[in-house]
2 protein chains.
Amino acid sequence: MKIGFIGAGIMGAPMAAHLQAAGHELVLLQHRSPLPANLLDGGATPAASAREVAQASDLVILMLPDTPDVEAVLFGADGVGEGLSKGKTVIDMSSIDPIATKGFAEKVAALGCDYVDAPVSGGEVGAKAASLTIMVGADEPVFERVRPLFELMGKNITLIGPASSGQIAKVANQIIVALNIEAVSEALVFAAKAGADPARVREALMGGFASSRILEVHGQRMLDRTFDPGFRIRLHQKDLSLAIDSARKLGLALPATANAQQLFSACVAQGGADWDHSAMVKAIETLAAQPLGA
Amino acid sequence: MKIGFIGAGIMGAPMAAHLQAAGHELVLLQHRSPLPANLLDGGATPAASAREVAQASDLVILMLPDTPDVEAVLFGADGVGEGLSKGKTVIDMSSIDPIATKGFAEKVAALGCDYVDAPVSGGEVGAKAASLTIMVGADEPVFERVRPLFELMGKNITLIGPASSGQIAKVANQIIVALNIEAVSEALVFAAKAGADPARVREALMGGFASSRILEVHGQRMLDRTFDPGFRIRLHQKDLSLAIDSARKLGLALPATANAQQLFSACVAQGGADWDHSAMVKAIETLAAQPLGA
């Protein structure tokens, strides 16, 4: 298939490479930064605008940083929207605003095209290993049609529901991950400060109701003080902003999510925008005036 | 062994029964409520005071509601302390204040006796099935000596460190459980309110970094609306009070734990003191003015 790929960055480049390796022909948007050499060597065609990418492809995948980027690429001047013709498909694999996504899906549908939102989790490691978790919002027949492409990039692929459901699930995922990090942070700092060995406490808690992937992986990172990302705090902040902004629009309150966002901000204030998100423990340690290991 | 057991209630009665079934001789405190018939039929001896229980036993186990109960039974008039003689052992399996526990352990040690704190998790079901998780604070030789008794009552038995470490681990456990419940509550209410099926979202998130025992068990309870306990909100509130009070004494802040306590209070305000703790989702739903299933 001829696939347009817009956003061949840290995540996008390895994802596109898996599609190319499976025999798909890539059309890439030539933007500011140079395109990955391996994709060009593999036969990918550069295009000068998002419009041209869409014209030259059967299906366009986006992997962009945030909602305004997706909006500009889709509906800005020389955007994907101008190059789409009936029957083509747009797959947005970025993690962006679920409510805005609903609007994007409607606009694309009005052009006679299919829209799929398919944000991922698993980071750069998962992108390279083709082991991403992919949460999909789409009509079922459309999902079945594009599923083989997802299977080239990920492992845990779930259709959540109609367009925007993928983005909703991703936001829910990021809420839980942030709050579970705060849970482990408060518990281990409490344990250390109260005089117990936080490593023994983590171990004892792993078998019971407190067990989680975050206690396992990020709890160990907190003990080892390995805060190189992983997943950067500034990216998790973007995701929690999606949660908090959407919640306001939907008319519901997310008190713990809002609180976790403030703790990430406390890390940023200490210079930690690019720390791994498990470094939220440092904000709790500041509140305890003593690091976990001291 | 001759074992004094003080607090043969909902949790304590089945725990004591396992000890008796293994051939240990029980001495029970005859307090206000009648003693369990099965224990008396099994040959347990009633005693009129905690002092007499301690006098008649080699080892005394406490399973009481809260810190003041333990303090009164240990050091009040006619208490365990008055009946202890050198070489006896006190095991407190209640979930109580870790800082107060340090003091209790010192006082018991001053009498020439060993003190073990060994709070449990797993609830009534775990007590009956002898599958409790037991978090132990004790000196290692003392732990090795009493471990065979724990093995009659539980499965996941961990020595965390010296006296009070068991209580610290239990508090850490309850912090994580409460915050993971809040994480799942906010995520699923967000998903539902944003228009996705929360059951599909839960399913999709189970494989990734958001996975936890709470997402698995309590997430399903929230979807099924089965809020019969389980573990009662008023008991979890007691445990979070231990966390928050201890944190204040230790000089550290637990912002998310304090927040979760308020949400439990919001449930109590709705008449939910005896709801299962997964019903915290109802407090979040109130903030969203719409139940998860609507």
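Residues numbered from 1 in each chain as written. Chains lettered and ligands numbered in written order. Predicted model: local features only at pLDDT ≥ 70, side-chain atom pairs only at ≥ 80, totals over all residues. Heavy atoms only, no water.

By the naming in an unreviewed UniProt entry, chain A is 2-hydroxy-3-oxopropionate reductase, taken from Novosphingobium aureum.

**Focus: the overall build of chain A**
Stated precisely, the cut-off is as follows: Counting from the N terminus, the helices are DSSP H or I runs at least four residues long and the strands are E runs at least two residues long. Any two residues whose heavy atoms approach within 4.5 Å at even a single point are treated as in contact. Methods summary: accessible areas were calculated by the Shrake-Rupley approach with a probe of 1.4 Å, and residue burial reflects only the protein chains presented. Just so you know, the count uses Lys and Arg for positive and Asp and Glu for negative, and it drops His and the chain ends. Taken as the charge centre is NZ of Lys, CZ of Arg, CG of Asp or CD of Glu, depending on the residue.
Counting its regular elements, chain A contains 14 helices and 9 strands. In chain A, the proportion of contacts linking residues at least 24 apart, taken out of those at least 6 apart, comes to 66%. About 10800 Å² of surface is accessible on chain A, with carbon and sulfur atoms providing 53% of the total. Looking at chain A, you have 24 positive and 31 negative side-chain charges, and the mean spots of the two groups are 2 Å apart.

**Some details on the relation of the copies chain B and chain A**
Cut-off, in case you're wondering: Copies are brought into register by a least-squares superposition over C-alpha atoms of residues with pLDDT of at least 70 in both.
Taken as rigid bodies, chain B and chain A are interconverted by a rotation of 180° and an axial shift of 0.0 Å, the fit giving an RMSD of 0.0 Å. In symmetry terms, the pair is related by a two-fold rotation axis. Considering only C-alpha atoms, the part of chain B nearest the rotation axis is Ser212(B), at 1.9 Å. The fraction of interface residues of chain B whose copies in chain A are also interface residues reaches 100%, indicating that both copies meet through the same surface.

**Some points on the nonpolar core**
Note the following rule: Nine residue types can take part in a nonpolar core, namely buried Ala, Val, Leu, Ile, Met, Phe, Trp, Tyr and Cys, and a core is a set of them joined through side-chain atoms within 4.5 Å. A 1.4 Å probe rolled over the protein chains alone gives each residue an accessible area, and that area as a share of the maximum for its type sets the label: buried under 20%, exposed over 50%, partly exposed in between.
Ranked by size, the top nonpolar core spans 96 residues in total, and within it Leu205(A) and Leu205(B) carry the most contacts. Among all residues touching Leu205(B), those that are not within four sequence positions of it are Met135(A), Ala169(A), Ala172(A), Asn173(A), Ile176(A), Ala210(B), Ser211(B) and Leu215(B).

**Considering the packing of aromatic side chains**
Test applied: Stacked, edge-to-face and tilted are the three classes for Phe, Tyr and Trp ring pairs, Trp counted by its six-membered ring, which pair at centre distances within 6.5 Å; planes under 30 degrees apart are stacked, over 60 edge-to-face, the rest tilted. Charges are assigned to positions over rings by a cutoff of 6 Å between ring centre and Lys NZ or Arg CZ, combined with an angular limit of 35 degrees from the ring normal.
A full pass over the atoms with the stated rule returns 2 aromatic pairs over all chains. Ring geometry for Phe75(A) and Phe104(A): centres 5.8 Å apart, planes at 55°, overall tilted. A residue pair is termed long-range when its members are at least 10 positions apart, and Phe75(A) in helix α4 (residues 67–75) and Phe104(A) in helix α6 (residues 98–110) qualify at 29 residues. Phe75(A) gets classed as partly exposed once you look at its relative accessible area, which sits at 24%. Stacked on the ring of Phe75(B), the Lys or Arg Lys107(B) has its end atom at 4.5 Å from the ring centre. A cation over an aromatic ring shows up here: Lys282(B) above the ring of Trp275(B), its NZ or CZ 4.0 Å from the ring centre.

**Regarding helix α12 (residues 233–250) of chain B**
Under the convention used in this document: An expected span of 1.5 Å times one less than the residue number is assigned to each helix.
The end-to-end C-alpha distance of α12(B) is 25 Å, a good match for the 26 Å that 18 residues give at a rise of 1.5 Å each. Residues Ile233(B), His236(B), Gln237(B), Lys238(B), Asp239(B), Leu240(B), Leu242(B), Ala243(B), Ser246(B) and Ala247(B) constitute the buried set of α12(B). On its buried face, α12(B) sits against α9 (165–194) of chain A together with α4 (67–75), α6 (98–110), α9 (165–194) and α13 (255–269) of chain B. Gly251(B) occupies a position one or two residues after α12(B) and carries a positive phi of about 80°.

**Some thoughts on the pairing of strand β9 (residues 154–161) of chain B**
Residue and element names in this part refer to chain B. Heads up, the rule is: Criterion used throughout: strands pair if DSSP finds at least two bridges between them. For crossovers, right-handed means that the path from the first strand over the helix to the second runs clockwise, given strands pointing away from the viewer.
Counting buried residues in β9 gives 6 out of 8 residues, a clear majority hidden from the surface. Pairing geometry for strand β8 (residues 132–137) and β9, over 6 bridges, is parallel. Its bridge partner lying in β9, Leu132 is registered against Gly154. Running through helix α8 (residues 140–153), the crossover from β8 to the neighbouring parallel element β9 is right-handed.

**Remarks on the pattern of salt bridges**
How we decide: Salt bridges are counted wherever a side-chain nitrogen of Lys or Arg sits within 4 Å of a carboxyl oxygen of Asp or Glu.
All told, the structure shown has 23 salt bridges over all chains when counted by the stated rule. Between Asp274(B) and Arg234(B) there is a salt bridge, and its shortest N-O distance comes to 2.6 Å. One end of the pair, Asp274(B), is in the loop between α13 and α14 (280–288); the other, Arg234(B), is in helix α12, with 40 residues separating them in the sequence. A residue is classified by how much of its surface remains accessible, and Asp274(B), at 37% relative accessible area, is partly exposed. For Arg234(B), a relative accessible area of 44% puts it in the partly exposed group. One network of salt bridges, with partners in common, ties together Arg51(A), Asp78(A) and Glu82(A).

**Considerations on the interface of chain B and chain A**
The condition that has to hold: Two parts placed together each lose some accessible area; with a 1.4 Å probe, that loss summed over both constitutes the buried area. We call two N or O atoms a polar contact when they sit within 3.5 Å, provided that within protein one can donate a hydrogen and the other can accept it, with sequence-adjacent residues counted only if both atoms are side-chain atoms. Under the grouping applied here, Gly and all other residues not named as nonpolar or charged are polar, the nonpolar ones being Ala, Val, Leu, Ile, Met, Phe, Trp, Tyr, Cys and Pro and the charged ones Asp, Glu, Lys and Arg.
Listed per partner, the contact involves 61 residues of chain B and 61 residues of chain A. The contact between chain B and chain A buries some 5100 Å² in all, and 70% of this surface belongs to carbon and sulfur atoms. Across the contact surface, chain B and chain A share 0 salt bridges. For the pair chain B and chain A, the number of links is 10 residue pairs in polar contact (both at pLDDT 80 or more). Where the side of chain B that touches chain A is concerned, the elements lending two or more residues are α6, β9, α9, α10 (198–205), α11 (213–224), α12, α13 and α14 of chain B. The dominant element in the side of chain B that touches chain A, judged by the number of residues it contributes, is α9(B), at 21 residues. Looking at side-chain class alone, the side of chain B that touches chain A contains 40 nonpolar, 15 polar and 6 charged residues.

**Considerations on the UniProt feature "domain: 3-hydroxyisobutyrate dehydrogenase-like NAD-binding" (unreviewed entry) in chain A**
Put simply, the rule reads: UniProt positions are given in the numbering used here, feature names are shortened, and annotations may be inferred rather than shown by experiment.
The UniProt record annotates "domain: 3-hydroxyisobutyrate dehydrogenase-like NAD-binding" (unreviewed entry) at residues 165–283 of chain A. For residues 165–283 of chain A, helix accounts for 73% and strand for 0%, while the C-alpha atoms at its two ends are 32 Å apart.

**Quick look at the confidence of the model for chain A**
Condition: As a per-residue measure, pLDDT tells how confident the predictor is, with possible values from 0 to 100.
Confidence in the prediction of chain A, expressed as mean pLDDT, is 95, and 98% of residues score 70 or more. For this predicted complex, the interface score ipTM comes out at 0.94, alongside a pTM of 0.94.

**Describing the pairing of strand β6 (residues 114–117) of chain A**
Residues and elements named next belong to chain A. Where strand β5 (residues 89–92) meets β6, 4 bridges bridge the pair, whose relative direction is parallel. What sits directly across from Thr89, in β6, is Asp114. Chirality of the crossover, the property in question, places the unit of β5, α6 and β6 among those that are right-handed.

**Focus: unusual backbone geometry**
All names here are of chain A. In this chain, Pro229 is followed by Gly230 through a cis amide linkage whose omega measures 10°. Mapped onto the secondary structure, Gly230 falls in the loop between α11 (213–224) and α12 (233–250). The phi dihedral of Ala130 falls on the positive side, at around 55°, and the residue is not glycine. By the element assignment, Ala130 lies in the loop between α7 (123–129) and β8 (132–137). Although it is not a glycine, Ser164 sits at a positive phi angle of roughly 90°.

**Thoughts on the UniProt feature "domain: 6-phosphogluconate dehydrogenase NADP-binding" (unreviewed entry) in chain A**
The feature "domain: 6-phosphogluconate dehydrogenase NADP-binding" (unreviewed entry), as given by UniProt, occupies residues 2–161 of chain A in the numbering adopted here. Split by type, residues 2–161 of chain A is 43% helix and 26% strand. Its first and last C-alpha atoms lie 26 Å apart.

**As for the packing of helix α13 (residues 255–269) of chain A against α13(B)**
For clarity, the threshold we go by: Working convention: axes come from line fits to C-alpha atoms, limited for helices to the stretch in contact. Angles between N-to-C directions cover 0 to 180 degrees. Working rule for angles: under 35 degrees goes down as roughly parallel, over 145 as roughly antiparallel, 65 to 115 as roughly perpendicular, anything else as oblique.
Direction vectors running N to C along α13(A) and α13(B) enclose 170°, while the axes themselves pass 10 Å from each other. If you check the angle between α13(A) and α13(B), you find them roughly antiparallel. Two secondary-structure elements touch here, α13(A) through Pro255(A), Ala256(A), Asn259(A) and Leu263(A) and α13(B) through Pro255(B), Ala256(B), Asn259(B) and Leu263(B).

**Considerations on the side chain of Ser49(B)**
Residues and elements named next belong to chain B. Mapped onto the elements of the fold, Ser49 is located in the loop between β3 (45–47) and α3 (50–56). Classification of Ser49 by relative accessible area gives buried; the value is 7%. Reaching out from Ser49, the side chain makes a polar contact with the backbone nitrogen of Glu52 at a distance of 3.1 Å. Apart from residues no more than four positions distant in its own chain, Ser49 is found in contact with Leu29 and Asp78.

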